[in-house]
Amino acid sequence: MAQIGTDLQVAKKLLEAGNVIGIPTETVYGLAGNALNPDAVLKIFQVKNRPSFDPLIVHTDSIHKLDQLVTAFPEAALRLANAFWPGPLTLLLPKHDLVPDLVTAGLPTVAVRIPNHSLTSNLLRSLDFPLAAPSANPFGYISPTTAQHVADQLGAQIPYVLDGGPSNVGIESTIVGFENNKAVVFRLGGLALEQIEQLIGPVAVRTHSTSNPKAPGMLSSHYAPRKPLILLSAGESPDPDERAGALVFREPFGGLQNDYQLVLSPTGDPNEAAKNLFAYLRALDNLPIDIIYAEPLPNVGLGWAMNDRLRRASVEK
Ligand code: AMP
Ligand code: MG
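**Side note on the packing of helix α8 (residues 270-285) against helix α9 (residues 303-313)**
Piece 1. The contact between α8 and α9 brings their axes to 9 Å, and the two run at 25 degrees. Taken as axis vectors, α8 and α9 run roughly parallel relative to one another. Our pair here, α8 against α9, has a crossing hand that is left-handed. Residues P270, A273, A274, L277 and F278 of α8 form the contact with α9, whose own contacting residues are G303, M306, R309 and L310.
Piece 2. Its residues placed into classes, the contact of α8 with α9 shows seven nonpolar, one polar and one charged.

Set out below in structure tokens:
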């Protein structure tokens, strides 16, 4: 059973020996292993039960260390990196030969990110290799935002979870790639689109791309609880039902038990809502209810990314 702790030396030794462990980041917890060691990378796929066509994000602590991971850094990428790293932004850049093909699922680009979490930054600084780390959940289930979430689901298969407290942002990183030097958003996430556009102007958003079927963060069913989740339309209320719960933005619906309704942000703050999103979905999944209703969030800031997650978590009405 995984031990939960805050000991960087233990984490470092386990990673150096080729093990995979849980690590905190500001987006969600990651399942981390040496990105340059194919055996460690293979373990990540096995523990998560992740299909090998789903590429991993590689984490490091400084732009200089990316020299060994990517072969080019387009101007637009550098501007984004300088503005938003460390932070919830992943860049897709041409892959260096040193990165095993397993990491990128054979793609010519590698996903890279500098996370913004002091414990994990210290860990990365102490290692002489980068960490491949997808979200530390079984494939397709809700991403973990606490060390306990990781231990609950993957604890039997990994030795250690580094505990850095609840993730501050709470949803996965925004993924940006480049075509002819122009930025394209492939996954909405913890860095708001507005912030990117303020810096580099309007960008294309292609989160349902069929030209990139190898990116399951974009699969139409993903991030899902075990219970059926129905995403309501804006302004719509659920039918009164005593076996239903709800994930709501600012206030509970009438007609459903209040105990079974979780309020993401009573003050209407999208950042607070994002921080609570996955933990509340998990909590609803564990309540004695048969169905989860979710209210869509206003399409501002992280609201876009949260609605995207809820859509992928939902079943058809
Ligand atoms: P996760 O770390 O679990 O949030 O998932 C990583 C996601 O990053 C994948 O599911 C893909 O959507 C995306 N990704 C990683 N590497 C690439 C790549 N080289 N090209 C396109 N998408 C990628
Ligand atoms: Mg994931």
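Having put the structure on the table, let's press on.
**Description of the confidence of the model for the protein chain**
In regions of low pLDDT, the predicted coordinates are not meant to be interpreted in detail.
Piece 1. Scored by pLDDT, the protein chain has a mean of 94; 95% of the residues are at 70 or more.
Piece 2. Under a pLDDT of 50 for its full length, residues 210-214 has, in the predicted model, eight contacts with residues more than four places off or in other chains.

**Comments concerning unusual backbone geometry**
Piece 1. Here the bond from W85 into P86 is cis, since omega is -5 degrees, no more than 30 degrees from zero.
Piece 2. Residue position: P86 is located in the loop between α3 (75-84) and β5 (89-94).
Piece 3. Phi angles above zero are rare outside glycine, and N49 is one such case at about 60 degrees.
Piece 4. Positive phi outside glycine occurs at N181, with the angle close to 70 degrees.

**A few points about helix α5 (residues 118-126)**
Piece 1. Of the residues making up α5, those classed as buried are L119, T120, S121, L123 and L124.
Piece 2. Considering only its buried residues, α5 is in contact with α1 (8-16), β2 (21-23), β4 (57-59), β7 (131-132) and β8 (160-162).

**Some words on the pattern of salt bridges**
Piece 1. Going through the model one piece at a time under the given rule, you end up with 12 salt bridges.
Piece 2. Between D54 and R50 there is a salt bridge, and its shortest N-O distance comes to 3.0 Å.
Piece 3. Since its relative accessible area comes to 13%, R50 is described here as buried.
Piece 4. For R309, the salt bridge goes to D308, with nearest N and O atoms at 3.0 Å. Side by side, R309 and D308 carry an identical accessibility label, which is buried.

**Quick word on the sheet that holds strand β12 (residues 229-231)**
Piece 1. As summarised here, the arrangement of the four strands in space is β12-β15-β13-β14, forming an open sheet in which the pairing is parallel. Each edge of the open sheet carries a strand with a single partner, namely β12 and β14 (261-263). Within this sheet the neighbouring strands show an average axis-to-axis angle of 20 degrees, counted without direction.
Piece 2. One ladder, built from four bridges, connects strand β13 (residues 244-248) with strand β15 (residues 291-294); its direction is parallel. Residue A244 lies in a different strand from β15, and its bridge partner there is I291.

**Re the layout of surface pockets**
Piece 1. Taken as a whole, the second largest pocket holds about 150 Å³ of empty space.
Piece 2. As for the second largest pocket, its lining consists of P88, N168, V169, G190, L191, A192, Q195, P270, N271, G301 and L302.
Piece 3. Of the residues that constitute the lining of the second largest pocket, the class distribution is six nonpolar, five polar and no charged.

**Some words on the environment of G190**
Piece 1. Mapped onto the fold, G190 is located in the loop between β10 (182-187) and α7 (193-200).
Piece 2. Overall, the relative accessible area of 10% leaves G190 in the buried class.
Piece 3. Taking the C-alpha atoms as reference points, G190 and Q157, separated by 33 residues in sequence, lie 28 Å from one another.
Piece 4. Those residues in contact with G190 that sit more than four places away from it in its chain are P88, V169, I171, E172, S173, T174 and L302.

**Topic: empty space enclosed by the protein**
Piece 1. Per the stated rule, a full pass over the model turns up one cavity of 30 Å³ or more.
Piece 2. Its boundaries defined by the atoms lining it, the largest cavity holds a volume of some 60 Å³.
Piece 3. Every residue along the wall of the largest cavity is listed here: T174, L188, G189, L191, A192, L193, I196, G301, L302, W304 and A305.
Piece 4. Of all elements in the fold, only α7 and α9 reach the threshold of two or more residues within the lining of the largest cavity.
Piece 5. Residues belonging to the lining of the largest cavity are distributed by class as follows: eight nonpolar, three polar and no charged.

Criteria and cut-off values
Residues numbered from 1 in each chain as written. Chains lettered and ligands numbered in written order. Predicted model: local features only at pLDDT ≥ 70, side-chain atom pairs only at ≥ 80, totals over all residues. Heavy atoms only, no water. Axes fitted to C-alpha atoms, helices over the stretch in contact; angles between N-to-C directions. Helix = DSSP H or I, 4+ residues; strand = E, 2+ residues; numbered from the N terminus. Parallel < 35°, antiparallel > 145°, perpendicular 65-115°, else oblique. Left-handed = near helix turned anticlockwise from the far one by under 90°. Contact = heavy atoms within 4.5 Å. Nonpolar A, V, L, I, M, F, W, Y, C, P; charged D, E, K, R; others polar. pLDDT = per-residue confidence, 0-100. Buried < 20%, exposed > 50% of the residue type's maximum accessible area, 1.4 Å probe, protein only. Salt bridge = Lys/Arg side-chain N within 4 Å of Asp/Glu carboxyl O. Pairing = 2+ DSSP bridges. 1 Å grid on protein atoms, 1.4 Å probe; cavity = no way out; pocket = protein on both sides within 12 Å on 5 of 7 lines; lining within 4 Å. Points joined across faces, edges and corners; volume = space filled by probe spheres on them.

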